[in-house]
Amino acid sequence: MEEWIDYYDSTHTIYASKRHRDLHFQIIARDIIGYISSPDSVVLDYACGEALSAVKVADACGKLYLAEPAPGVRGRLIARFAPNTKIRVRSLDDLRHMDEASVDLVVMNSVAQYMTPEELDRAFAVIRRLLKPTGRLVLGDVLRPEIGMGRDVLALLRFARAHGFLTDALYGLASTALSDYRQLRSRVGLQRYSEAGMVAKLAAAGFSASRAHVNIGHNPWRMTFVARHALGQAPRSASD
Ligand SMILES: C[S@@+](CC[C@H](N)C(=O)[O-])C[C@H]1O[C@@H](n2cnc3c(N)ncnc32)[C@H](O)[C@@H]1O
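Everything numeric in this text was worked out from a predicted model, so none of it was measured.

A. Broad picture of the sheet that holds strand β3 (residues 87–90). Strand order in the open sheet formed by 7 strands is β3-β2-β1-β4-β5-β7-β6, and the pairing between neighbours is mixed. The sheet terminates laterally at β3 and β6 (207–211), the two strands that pair on one side only. Shown here is a sheet whose adjacent strand axes are inclined to one another by a mean of 20 degrees, direction ignored. Where strand β4 (residues 103–109) meets strand β5 (residues 131–142), 6 bridges bridge the pair, whose relative direction is parallel. In the strand pairing of β5, L105 is matched with R136. Relative to the sheet, helix α9 (residues 195–204) contacts β5, β6 and β7 (223–229), its axis offset from that of β6 by approximately 160 degrees.

Below, the structure is given as structure tokens:
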């Protein structure tokens, strides 16, 4: 859904304050690092956003690819991380030209909700090709059908209270209620999947997956899945 890419390329107010934004990326980096199994690992962060703590992730692995569709965000990533030889910035299209079976860990966090089901299938096909046979895809922050925006608000308020930015969060929620985000969320919508639905979708893409005990990031009502190449099974083709 292009509208969401444009939204993330704009000067949006998804983070209530600098503190919220910095903490968000610190926690995502910490959680990504938890999935890195070796210091030599090649890691791909698919639709990474601003990735403000990417240096920490890069310190924990051999090479970090930051892939981002929004051109403005990507330009900032290139400028920010140019001095770091372990970090490479890519567009999503660039990923189609990377070597097959060259990546140990792909993380796609808080992205699936912004894609149509068909876009997500195409992304899974690109990722499956890139993953080594032993590699893993970690798909985080997946929204469930039965959980509405109220839980997102509650999760943010709890996160804010625990980290001392409750006032910013309350102002942020008020401005979000009046913002493009709210309009887009009701007009374009967000994709939601049940646990079984996402496991089946990943299976159709040639992955064997299960839900992780905890979600990446701060929202316990959203789900994370860990997927690997399903042994001896070719992915279902788009024409099936
Ligand atoms: C909530 S941010 C998540 C960023 C980062 N992964 C994180 O966990 O903080 C959503 C990301 O999805 C990207 N995005 C939005 N719509 C998309 C689409 N239709 N296809 C691919 N990526 C999309 C945005 O550019 C943005 O980087």
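Read on, since the account is not over.
B. Quick look at the site of the ligand. Close to the ligand lie 17 residues, the nearest being W4, Y8, G49, N109 and Y114. For the shell around the ligand, the element with the highest residue contribution is helix α1 (residues 2–9), accounting for 3 residues. Looking at the shell around the ligand, its residues break down into 12 nonpolar, 3 polar and 2 charged.

C. Focus on the packing of α1 against helix α8 (residues 180–187). With their axes 11 Å apart at the nearest point, α1 and α8 run at an angle of 170 degrees to one another. Viewed along their axes, α1 and α8 adopt a mutual orientation that is roughly antiparallel. On the side of α1, the interface is formed by E3, W4 and Y7, while α8 contributes D180, Y181 and L184. Residue classes in the contact of α1 with α8 are distributed as 4 nonpolar, no polar and 2 charged.

D. Structural context of unusual backbone geometry. Of note, the phi angle at A51 is positive, near 45 degrees, even though the residue is not glycine. In this fold, A51 is placed in the loop between β1 (42–46) and α3 (54–59). Notably, D141 is not glycine yet its phi reads approximately 65 degrees, a positive angle. Within the secondary structure, D141 sits in strand β5. What makes D141 partly exposed here is the crowd of 19 C-beta atoms within 10 Å.

E. Summary view of the packing of helix α6 (residues 149–162) against helix α7 (residues 166–177). The contact between α6 and α7 brings their axes to 8 Å, and the two run at 155 degrees. Of the possible angle classes, the one that applies to α6 and α7 is roughly antiparallel. Contacts between α6 and α7 involve V153, L156, L157, A160 and R161 on the former and, on the latter, L166, D168, A169 and L173. Its residues assigned to classes, the contact of α6 with α7 shows 7 nonpolar, no polar and 2 charged.

F. Molecular detail of the nonpolar core. Y46, V57, L64, L66, V106, M108 and L137 are the most contacted members of the largest nonpolar core, which has 58 residues in total. Each residue touching V106, except ones within four places of it in the same chain, is listed here: L44, Y46, I127, L130, L131 and L137.

G. Examining the pairing of β4 more closely. Buried residues dominate β4, accounting for 7 of its 7 residues. In this region the chain leaves β4, passes through helix α5 (residues 117–130) and returns to the parallel neighbour β5; the handedness of that crossover is right-handed.

H. Representation of the environment of V142. With respect to the helices, strands and loops of the structure, V142 is situated in strand β5. Judged by the 25 C-beta atoms lying within 10 Å of it, V142 falls in the buried class. As a C-alpha pair, V142 and A174 span 32 residues in sequence and 24 Å in three-dimensional space. Residues contacting V142, with those up to four places away along its chain left out, are A112, Y193, M198, R222, M223 and F225.

I. Highlighting the environment of L120. One can find L120 in helix α5. C-beta crowding within 10 Å serves as the criterion here: with 22 such atoms nearby, L120 is assigned to the buried category. Once the C-alpha coordinates of L120 and L202 are considered, the two residues, 82 residues apart in sequence, prove to be 9.8 Å apart.

J. Spotlight on helix α2 (residues 18–34). Look at α2: 24 Å from first C-alpha to last across 17 residues, which is about the 24 Å you get at 1.5 Å a residue. Among all positions in α2, only H20, L23, H24, F25, I28, A29, D31 and I32 are buried. On its buried face, α2 is in contact with β1, α3, β4, α6 and α7.

Rules used throughout
Residues numbered from 1 in each chain as written. Predicted model: local features only at pLDDT ≥ 70, side-chain atom pairs only at ≥ 80, totals over all residues. Pairing = 2+ DSSP bridges. Helix = DSSP H or I, 4+ residues; strand = E, 2+ residues; numbered from the N terminus. Axes fitted to C-alpha atoms, helices over the stretch in contact; angles between N-to-C directions. Contact = placed C-beta atoms within 7 Å. Near = placed C-beta within 6 Å. Nonpolar A, V, L, I, M, F, W, Y, C, P; charged D, E, K, R; others polar. Parallel < 35°, antiparallel > 145°, perpendicular 65-115°, else oblique. Buried ≥ 20, exposed ≤ 12 C-beta atoms within 10 Å, placed from the backbone. Core = buried A, V, L, I, M, F, W, Y, C linked by C-beta atoms within 7 Å. Right-handed = clockwise from strand over helix to strand, strands pointing away. Expected span 1.5 Å × (residues − 1).

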